[in-house]
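Overview (structure and organization)
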Amino acid sequence: MSSQVLARLRAQRLTRIAAAVLAAIVLASLLVPWLSPYDSYTPDFALLSHPPMLAGAHVLGTDPLGRDLLVRVMWGCRISLAIGVVATLMSVLIGVSWGAIAGYAGGTTDQLMMRVVDVLYSVPFVPFVIVLTVLFGRGLWLIFLAIGAVSWLDIARIVRGQTLSLKQREFIEAARIAGVHGIGMIRRHIVPNLLGIVAVYATLTIPAVILFEALLSFLGMGVQSPMASLGSLVADGASDMQSHPHLLIVPAAFLTAIIYAFNYLGDGLRKALDPRGQP
Amino acid sequence: MTRYLLRRLLVAVPTLLLITTLGFALLHAAPGGPFDADKRMLPAIQQAIEARYHLHEPLWRQYLRYLGQLAHGDLGPSFQYRGTSVNQIIAQGLPVDAAVGLSALALALLAGGGIGVTAALREGGAWDHAAMALAAVGISVPLFVLAPLLVLIFAVTLHWLPAGDWVAGSPSHLLLPALALALPYAGYIARLMRGSTLEVLNSPFIRTAQAKGLPSHHILWHHALRPALTPLVSYLGPAFAGVLTGSIVVESIFGLPGIGRFFITAALNRDYTLVMGITVLYGTLIILCNLLADLCYAWIDPRVRLA
Amino acid sequence: MNSPSSAEPLLQLQDVSVAYRTASGAAVPVVRGVNLQLAPGEILGLAGESGSGKTQLLLSIIGLNGQHAQLTGSVRYRGQELLGRPIAELNRVRGARIATVFQDPATALNPYLPIGRQLSEVLRFHGGVPGRLARERACELLEAVQVADPHRRLQQYPHELSGGMRQRVVIAMALMASPEILLADEPTTALDVTVQSQILRLLLQLRERHGIAMVLVSHDMGVIAGLADRVAVMYAGRIVEQAGIDALFEQPQHPYSEALQRCVPSLAGPLPQRLPSIPGAPPDPAALAPGCAFAPRCAYRLALCEQRLPELREAGPGHWKACHYDQPLGRLRGELT
């Protein structure tokens, strides 16, 4: 089945472009800071907020402290992507376990676990994260924790629904007759069949997480200076929009490209897994 | 039906309790207190203030006291803005939020729904591609990038609309913030409605309707629309929650005197009651809106029985 | 092809072909050059396995093949050309003169609307009949199709009815505007066997009492045998044999028809050792070979069969076949060697 899926994925032009763009950005974010003569935190007071000099020393210009914008943005990409991937990983691990166990166990366990999800769903998520970050400092790990701790709810619901319908399938009954039970069943038969939908979900969650972290940075609660994520770079740039537009446009362009690429990738994955589904 | 409502409201109580408790615990667990900024205070005055706000009492007592007040709808006094109660602050800011938020939601639903359905009707055509590209922009570009961009275009360059501030009852001051807030949701709704409409139009019962010789507009409005709307109704709950929180960003950018703006400064200044009050308010609104969305869904789909 | 009856055919299909445009631009033929006639009050059976094109043929009569379909040929209802007409004009015929009953009643009815609405809207748009009168007629028809307590049923939703009842409602819905022709696509396939016979008997009654002509599509030869006056057997998008029902069953002239009948074991006579089936599989419409499409699976195959497409020729009075093999069949039934 997966070879068919790969074939369908490769056939979609937009998905190929999205994957290529993402790969390029990841590669650049790893290589450019290594290759560039500039680092991300040394100020250069001679060249403050300089616009891009495409043929010159600073390809994309400098920021208000004279630091090379290209290197800053590349570091920003690294951090935003890392936050996106790690937080999503967390939420997938928690969500899949929760949903699969609830769906497979059924009965009161299921009801109870899903009730917890329902209650947590009603918690105003953004205000809570804001409160958390304000109160407990702005460490990177706290951001991971806060985002991951709340975004597992969606995947838990989806996985539970899928598990419920998978439970009825014949191969589960066959496995049960062969003596497979409980955790073993979940691990060996249920979860592998969920991978498709989980992959789609994960690919669509990463941009949401990145956007959310960007929002936090914009509100002043994200990563701390001198570290910068794309979100904080955009926030800084937005305040200086009229005089030095490149400070907003460059990080915003990269942020938007990453989000777009993940969205199209997720879409393509969804279409590849279910060609008859919604376009 | 009444039994269902009662049951939902009953579940709402422990949820709100949880929110309140969590918020309370977090706020008091964090370092710092509400009056730290006022460094130079005579011990006597400090004691008097603490007594007034019951801050010297053991935590559990403060908690119960707060719950009791909450049951009466009293959100307590604000620590930041002495002499003003949280209820007053909320009453002042809520109309602004309501105006912006509800307008944004209405815009998103109408524009997104209209674009999505028409894109589905002209599937594969130029409008379809253009509409979906536009929707992708709304979804992918962050609100805090779009909003300043909109200000740049419409306020600074074209001078069509004011760049910010708030004049109650003035539609021109409402338009830009509501538009900025609506765009991401409009994009998502457009894609949602397009997919849903296409799926419905390919259903067997639509073919039956066509075989009966019914005119196309009748089929669209009376046979296709209701089923197509069901995913949208399911999305209403999360959309509303999103608009609520998105208004925080919009308020900072446009300088609107709404609740969201208060929230951040309140958290920074450890204004416990204001933070709690706003959190409880948000939680209640979200619960109510989810309930409304579920009721709408049951109203639209006769197969759903409110259990 | 001249019908022996003196009356003008109610429905006449000439050289009808349906092809689907694929994403790559190629056209996949699903119906190829079909000629058919339907006389007033006649029940014509369309038999064949899944993928033979029978449903597509049925849909082409009222133009419901979808936007990616290319239709050629001529479909005449009472002498009036239907193929290629704008939808607004087709809508005057659909439901009013030519009504359709689809396969699965569970999905054919709109789950979001009450039954009464779905029934009466037919008259609202065909004849401008006011609501109350339309509902009365709906009740009449529900009684005629043996649905008990029709007034209560009008307010109910499809999911509140059983499968058999739903199909009766679908049939009543088709009859609302008193059509002349009923197109039925596998009307009993999705139902239990006991309900099947009730529905079939109902359809026969409709013809007896109201003279409604029918085109009945089915892969079940038993259903066709019980209902049809004449049968057209389809294979790979073409009609391979057409005859009166008795003639077809007594003396099939096309190897495919013979093989089909042999697939149903007889209750009389000795039990077969193995269940007979037709070896091979139906061809892929996107990759049709020249010549007769059934040739690879045919027990009477000649060299000519794979090269030249056999045309439909008269093999007896009112009996047509598309086959190069001219001798009488019977090999499969053990009558000849």
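1. As for the overall build of chain A
The number of helices and strands found in chain A is 10 helices and 0 strands. Counting from the amino terminus, helix and strand elements in chain A follow one another as α-α-α-α-α-α-α-α-α-α. The principal-axis extents of the C-alpha atoms in chain A amount to approximately 75 × 45 × 30 Å. Sorting the 279 residues of chain A into buried and exposed places 44% on the buried side. For chain A, the proportion of contacts with a sequence separation of at least 24, taken over those separated by at least 6, is 68%.

2. A look at the interface of chain A and chain B
Between chain A and chain B, the residue contacts involve 29 residues of the former and 35 residues of the latter. It is helix α5 (residues 125-136) of chain A that contributes the most residues to the side of chain A that touches chain B, 8 residues altogether. Residue classes in the side of chain A that touches chain B are distributed as 25 nonpolar, 4 polar and no charged.

3. Side note on the nonpolar core
In terms of nonpolar packing, the biggest core is built from 149 residues, with V234(A), F144(B) and V275(B) touching the most fellow members. The element contributing the most residues to this core is helix α3 (residues 69-105) of chain A, with 18 residues. If we ignore the near neighbours within four places in the chain, the residues touching V275(B) are V131(A), G23(B), L27(B), F263(B), A266(B) and A267(B). In terms of nonpolar packing, the next biggest core, distinct from the first, is built from 94 residues, A211(B), V75(C), L175(C) and C292(C) among them.

4. Things to note about the sheet that holds strand β8 (residues 213-218) of chain C
Residues and elements named next belong to chain C. Judged by pairing direction, the sheet is mixed, and its 8 strands sit side by side in the order β6-β7-β8-β3-β9-β10-β12-β11 without closing on themselves. Looking at strand neighbours, the two that pair on one side only are β6 (98-101) and β11 (313-316), the edges of this open sheet. Within this sheet the neighbouring strands show an average axis-to-axis angle of 20°, counted without direction. The sheet contact formed by strand β10 (residues 238-244) and strand β12 (residues 319-321) spans 2 bridges and is antiparallel. Residue Q242 lies in a different strand from β12, and its bridge partner there is W320.

5. Brief notes about the environment of V200(B)
All names here are of chain B. Mapped onto the secondary structure, V200 falls in helix α7 (residues 171-201). For V200, a count of 22 C-beta atoms within 10 Å corresponds to the buried category. Taking the C-alpha atoms as reference points, V200 and H223, separated by 23 residues in sequence, lie 9.1 Å from one another. If we ignore the near neighbours within four places in the chain, the residues touching V200 are I206, A224, P227 and A228.

6. Some points on the sheet that holds strand β2 (residues 27-38) of chain C
Residue and element names in this part refer to chain C. The strand order across the open sheet built from 4 strands is β2-β1-β4-β5, with neighbouring strands paired in antiparallel fashion. The open sheet has two free edges, formed respectively by β2 and β5 (80-81), since each of these has just one partner strand. Pairing between strand β1 (residues 11-21) and β2: 8 bridges, direction antiparallel. Counterpart to A19 in the pairing with β2 is P29. Along the sheet, helix α1 (residues 54-62) contacts β1, β2 and β4 (69-77); its crossing angle with β2, the most-contacted strand, is approximately 70°.

7. Things to note about the interface of chain B and chain C
With 17 residues of chain B at the contact, the number on the chain C side is 24 residues. Contributions of two or more residues to the side of chain B that touches chain C are made by α8 (204-211) and α9 (216-254) of chain B. For the side of chain B that touches chain C, the element with the most residues is α8(B), which contributes 6 residues.

8. As for the packing of α8(B) against α9(B)
Residues and elements named next belong to chain B. Remark: α8 packs on α9, axes separated minimally by 11 Å, with the N-to-C direction vectors making an angle of 145°. Crossing of α8 against α9: the hand is right-handed. From α8, I206, A209 and Q210 reach across to α9, where they touch I219, H223 and A224. Its residues assigned to classes, the contact of α8 with α9 comprises 4 nonpolar, 2 polar and no charged.

9. Concerning the pairing of β6(C)
All names here are of chain C. A two-sided burial pattern is seen for β6, the buried positions comprising I98 and T100 on one face and A99 and V101 on the other. In the sheet, β6 pairs with strand β7 (residues 181-185) via 4 bridges, with the strands oriented parallel. Bridge pairing in β7 places A99 opposite L182.

10. A short note on the confidence of the model for chain A
Averaged over chain A, the pLDDT score is 79; the fraction of residues at 70 or greater is 94%. Between the elements of chain A, mean pLDDT differs from a low of 71, seen in α5(A), to a high of 88, seen in α3(A).

Scoring rules and cut-offs
Residues numbered from 1 in each chain as written. Chains lettered and ligands numbered in written order. Predicted model: local features only at pLDDT ≥ 70, side-chain atom pairs only at ≥ 80, totals over all residues. Helix = DSSP H or I, 4+ residues; strand = E, 2+ residues; numbered from the N terminus. Buried ≥ 20, exposed ≤ 12 C-beta atoms within 10 Å, placed from the backbone. Contact = placed C-beta atoms within 7 Å. Nonpolar A, V, L, I, M, F, W, Y, C, P; charged D, E, K, R; others polar. Core = buried A, V, L, I, M, F, W, Y, C linked by C-beta atoms within 7 Å. Pairing = 2+ DSSP bridges. Axes fitted to C-alpha atoms, helices over the stretch in contact; angles between N-to-C directions. Left-handed = near helix turned anticlockwise from the far one by under 90°. pLDDT = per-residue confidence, 0-100.

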